[in-house]
Amino acid sequence: MPSKSLDFRVNSVIPNGHYSFPKYNVLVQILISAGEASGEMYGAQLIEALRRRDPSLQFFGAGGDRMHAAGCEIVVDAKDLAVVGITEILSHLPKIYGLFRKLIRAADAKHPKLAIVIDSPAFNWRVARQMRKRGIAVVYYVCPQFWAWRQGRVKLLRKYINQALVIFPFEENFYRVHGVNATFVGHPLVDLPTPEISRMHYAAQQALDHVKPWITLMPGSRRKEVGMNLPTILEAAAMLGQDYEFLLPVARTLESSFLKELTGNRDVHLVPEALPALHHSRAGIIASGTATVEAALMGTPFVMVYRVSPLTYALGKPRVKVSHYAMVNLIADEEVVPELVQHEFTAGNIVGQLRKIIPDGEPRTRMLQGLATVKAKLKKPDPQGRRASERAAEVILAMLKPGAATPDPLPASEAWS
């Protein structure tokens, strides 16, 4: 009888696209690391897609509640990695290094066959480097936006990553031109269903006035960026007045108590999920990031805002290589939504832009058309009807098959230890 310590091997692929397995399966460990609210959601989707095809796979790593619910052993909580900005990261380096070492110790104990890192490059490229040092293949799902700034860092992906799975259509060519094995799988958010809850039911559930127009406020998913963005957003809400209901979805990397402290006695409703709030809102005030894509997919007109520390902005601005900050504008290759960044991010400017797109008329119609175009570009055509996470899962499962190339370990001098 085979030893229980035998490595897992996939036997074959059968016509319906599912994998068949040996009689005596051994659980295969996969490290998966996500350090953002959005990355944690993508990680959960990917785990579910992989386990539907191979229930023997076991996952551990950095993540949060969604990944845990999907079947991942959480070694490092994603909330502890939620840092933004150059100067902000520097002040958190000792803590981040400790979490990094904790994750690497877990990897050394569990001997993963594959590592999957999701977004969060400041943390994850170091995880990737350590895995490659150990001869473990690495997949980068939702790649760093090196095309936007610090393009020289693409060499890190070329050196430490075996497969890049990208979610924006223009990224595949960019990374391939720079020597990275990249595949566009589509954006995971495109596959999320439109919330089924009616406006009336949602209003009753969240104690909202269904008659008033609603505006969703999304200041970010990390404490530091919320602290930088939310006060001005709340000032804009106060200027708009009591004719509106203001909804503030609580990101999974944040605590409700933290947001309640910042909002104080203002008439702002904290709600648990972003998509229903966006779906039923007339407009949004959205911080740069994944939330702008969520708003586009829900067809919610919005104003993009963002602020970092003056030093971070001064250091980062010369390195920016793109013409727009908002992801929807980059995808559309034109300004679909207004961008209020740093000194232009004022309450008065927010209100001025919102007053253009809240009422019916040409500005609102034009923005809605632009958002629909962005949504279409984010979805990769697939005759088999597979979702982005399912396409990503198939690439990863192919890397686990017998005969798949095993990377050579990096020299010890190449790893941060």
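Let me sum up the structure you'll find in this document. Keep in mind that what you see is a predicted model, and the values were worked out from it rather than measured.

Rules of the game
- Residues numbered from 1 in each chain as written.
- Predicted model: local features only at pLDDT ≥ 70, side-chain atom pairs only at ≥ 80, totals over all residues.
- Heavy atoms only, no water.
- Phe/Tyr/Trp six-rings, centres within 6.5 Å; stacked < 30°, edge-to-face > 60°.
- Helix = DSSP H or I, 4+ residues; strand = E, 2+ residues; numbered from the N terminus.
- Buried < 20%, exposed > 50% of the residue type's maximum accessible area, 1.4 Å probe, protein only.
- Core = buried A, V, L, I, M, F, W, Y, C linked by side-chain atoms within 4.5 Å.
- Contact = heavy atoms within 4.5 Å.
- Pairing = 2+ DSSP bridges.
- Axes fitted to C-alpha atoms, helices over the stretch in contact; angles between N-to-C directions.
- Salt bridge = Lys/Arg side-chain N within 4 Å of Asp/Glu carboxyl O.
- Polar contact = N/O pair within 3.5 Å; in protein donor to acceptor, adjacent residues only side chain to side chain.

## Here we look at the packing of aromatic side chains
Per the stated rule, a full pass over the model turns up 7 aromatic pairs. Look at Tyr97 and Phe100: their rings are 6.2 Å apart centre to centre, the planes differ by 35 degrees, and that puts the pair in the tilted class. Of this pair, Tyr97 and Phe100 both sit in helix 4 (residues 93–110), separated by 3 residues, roughly a single helical turn. Take Phe100: its relative accessible area is 1%, and that puts it in the buried class. Ring geometry for Trp125 and Tyr160: centres 6.3 Å apart, planes at 10 degrees, overall stacked. A residue pair is termed long-range when its members are at least 10 positions apart, and Trp125 in helix 5 (residues 121–133) and Tyr160 in helix 6 (residues 154–160) qualify at 35 residues. Exposure class is identical for Trp125 and Tyr160. Each is buried.

## Points about the nonpolar core
The biggest cluster of nonpolar side chains holds 94 residues, and the ones touching the most others in it are Ile116, Tyr141 and Leu354. Leaving out residues up to four positions away in the same chain, Leu354 has contacts with Ile215, Leu240, Ala283, Gly284, Ile285, Val303 and Pro359. By size, the runner-up hydrophobic cluster in this structure holds 36 residues, among which are Ile96, Ala107, Ala164 and Phe174.

## Digging into the sheet that holds strand 4 (residues 57–63)
In a beta sheet, neighbouring strands are held together by backbone hydrogen bonds and run either parallel or antiparallel to one another. Read from one edge to the other, the open sheet built from 7 strands follows the order 5-4-3-6-7-8-9, with strand pairing classed as parallel. Across the chains shown, the open sheet's two edge strands, defined by having one partner strand only, are strand 5 (72–77) and strand 9 (182–184). The average undirected angle you get between the axes of adjacent strands in this sheet is 20 degrees. Here 5 bridges tie strand 4 to strand 5, and the two strands are oriented parallel to one another. Directly across from Phe59, in strand 5, lies its bridge partner Cys72. Its contacts with the sheet put helix 4 on strand 3 (28–34), strand 4 and strand 5, and the angle it makes with strand 5 is roughly 150 degrees. Each of strand 3, strand 6 (114–118) and strand 7 (137–141) touches helix 5; the most contacted strand, strand 7, lies at about 160 degrees to it.

## Some thoughts on the pattern of salt bridges
Scanning all chains against the criterion turns up 16 salt bridges. We note a salt bridge from Glu225 to Arg222, for which the minimum N-O separation is 3.3 Å. When its relative accessible area of 4% is taken as the criterion, Glu225 is described as buried. Looking at Arg222, the relative accessible area reads 15%, which means it is buried. As a salt-bridge pair, Glu394 and Arg386 come within 2.5 Å of each other at their nearest N and O atoms.

## Focus: the sheet that holds strand 13 (residues 283–287)
The strand order 12-11-10-13-14-15 describes an open sheet built from 6 strands, whose pairing is parallel. Among the strands making up the open sheet, the edge pair consists of strand 12 (268–271) and strand 15 (339–341). On average, each strand axis in the sheet is tilted by 20 degrees relative to the strand beside it, whichever way the strands run. By the bridge criterion, 3 bridges tie strand 14 (residues 302–306) to strand 15 in an arrangement that is parallel.

## Considering the side chain of Gln163
Examined against the element boundaries, Gln163 turns out to sit in strand 8 (residues 163–166). Within the structure, the side chain of Gln163 is placed 2.9 Å from the side chain of Asn181, a separation counted as a polar contact. A polar contact of 3.2 Å, which involves the side chain of Gln163, links it to the side chain of Thr183. Not counting residues up to four positions away in its chain, the partners in contact with Gln163 are Val138, Val139, Tyr140, Asn181, Ala182, Thr183, Val395 and Met399.

## Quick look at the environment of Ala115
Take Ala115: it is sitting in strand 6. Assessed through its relative accessible area of 0%, Ala115 is described here as buried. Ala115 sits 17 residues away from Arg132 along the chain, and the two C-alpha atoms are 9.2 Å apart. Those residues in contact with Ala115, other than ones at most four positions away along the chain, are Leu31, Met131, Ile136, Ala137, Val138 and Val139.

## So, unusual backbone geometry
Even without a glycine there, the phi angle at Ser120 is positive, about 45 degrees. Inspection of the secondary structure assignment puts Ser120 in the loop between strand 6 and helix 5. One non-glycine residue with positive phi stands out, namely Asp333, at about 60 degrees. Examined against the element boundaries, Asp333 turns out to sit in the loop between helix 14 (327–332) and strand 15.

## Section: the environment of Ile118
Locating Ile118 in the fold gives a position in strand 6. A sequence separation of 47 residues divides Ile118 from Leu165, and the C-alpha atoms of the two residues are 9.6 Å apart. Excluding residues that lie within four positions of it along the chain, Ile118 makes contacts with Ile32, Ser33, Ala34, Gly35, Gly39, Tyr42, Gly43, Asn124, Tyr140, Tyr141 and Val142.

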